[in-house]
Amino acid sequence: RKPDQHSNRLAMFAHLHTRDGYQNLGFSEMTLTVDTFADNGKFTSRKIYAFSDVRIESFFARDGADEITFNCGGLNEFEISQIGVIFN
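Just so you know, these numbers come straight off a predicted model, no measurement behind them.

Before going further, it helps to spend a moment on the nonpolar core. Leu10, Phe13, Ala14, Ile56, Phe59 and Ile68 together form the largest nonpolar core, which totals 6 residues. Going through the elements one at a time, helix 1 (7-17) and strand 2 (43-62) are the ones with two or more residues in this core. Counting residues per element, this core draws most heavily on helix 1, at 3 residues. Leave out the neighbours within four places in its chain, and Phe13 touches Leu25, Gly26, Phe27 and Ile56.

Taken as a whole, this structure holds 6 salt bridges when the rule is applied. A salt bridge links Asp35 to Arg46, with the nearest nitrogen and oxygen atoms 2.6 Å apart. With Asp35 in strand 1 (residues 27-37) and Arg46 in strand 2, this pair connects stretches of sequence that are 11 residues apart. The exposure class of Arg46 is partly exposed, given its relative accessible area of 34%.

Attention now moves to the environment of His6. Tracing the sequence through the fold places His6 in the segment before helix 1. Judged by its relative accessible area of 40%, His6 falls in the partly exposed class. Put simply, His6 and Ile68 are 62 residues apart on the chain and 12 Å apart in space, counted from C-alpha to C-alpha.

The next thing to look at is the environment of Ser81. Of note, Ser81 is situated in strand 4 (residues 74-81). Expressed as a C-alpha distance, the spacing of Ser81 and Leu16, which sit 65 residues apart in the sequence, is 40 Å. In this view, Ser81 contacts Thr44 and Ser45; residues no more than four positions away in its chain are not counted.

So, on to the confidence of the model for the protein. Across the protein, the average pLDDT comes to 87, with 93% of residues at 70 or higher. At the level of individual helices and strands, the protein shows its lowest average pLDDT in strand 5 (residues 85-87), which scores 64, and its highest in strand 1, which scores 92.

Size it by volume and the largest pocket reaches roughly 150 Å³. Forming the walls of the largest pocket are Met30, Thr31, Leu32, Phe51, Val54, Phe70 and Cys72. Among the elements that make up the lining of the largest pocket, the one with the highest residue count is strand 1 (3 residues). For the lining of the largest pocket, the class distribution of residues is 6 nonpolar, 1 polar and no charged.

About the thresholds
Residues numbered from 1 in each chain as written. Predicted model: local features only at pLDDT ≥ 70, side-chain atom pairs only at ≥ 80, totals over all residues. Heavy atoms only, no water. Core = buried A, V, L, I, M, F, W, Y, C linked by side-chain atoms within 4.5 Å. Buried < 20%, exposed > 50% of the residue type's maximum accessible area, 1.4 Å probe, protein only. Helix = DSSP H or I, 4+ residues; strand = E, 2+ residues; numbered from the N terminus. Contact = heavy atoms within 4.5 Å. Salt bridge = Lys/Arg side-chain N within 4 Å of Asp/Glu carboxyl O. pLDDT = per-residue confidence, 0-100. 1 Å grid on protein atoms, 1.4 Å probe; cavity = no way out; pocket = protein on both sides within 12 Å on 5 of 7 lines; lining within 4 Å. Points joined across faces, edges and corners; volume = space filled by probe spheres on them. Nonpolar A, V, L, I, M, F, W, Y, C, P; charged D, E, K, R; others polar.

Here you go:
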């Protein structure tokens with residue numbers, strides 16, 4: 001991901017995760033949204049991944065990008081497309 005105003009906070013969570021007493025520090029939920037477009041630029045679908053019980057395992061700043069490894073306790077996903085809504 002591109003570094004932004006949240007980068008330092010994510011790095012702090014990753015650092016604290018390695019300390020005694022802080023292993024449960026994290027987020028109750030986190031989402032990732034992926035949009036898909038046709039070659040002509042027309043929207044075709046949106047897939048949303050909802051992760052629960054999220055912990056940051058590691059954080060590295062490399063080549064102008066943040067590399068973050070997350071662990072999660074659960075995953076739900078659904079997709080919205082021109083056809084309809086699909087729950088997985």
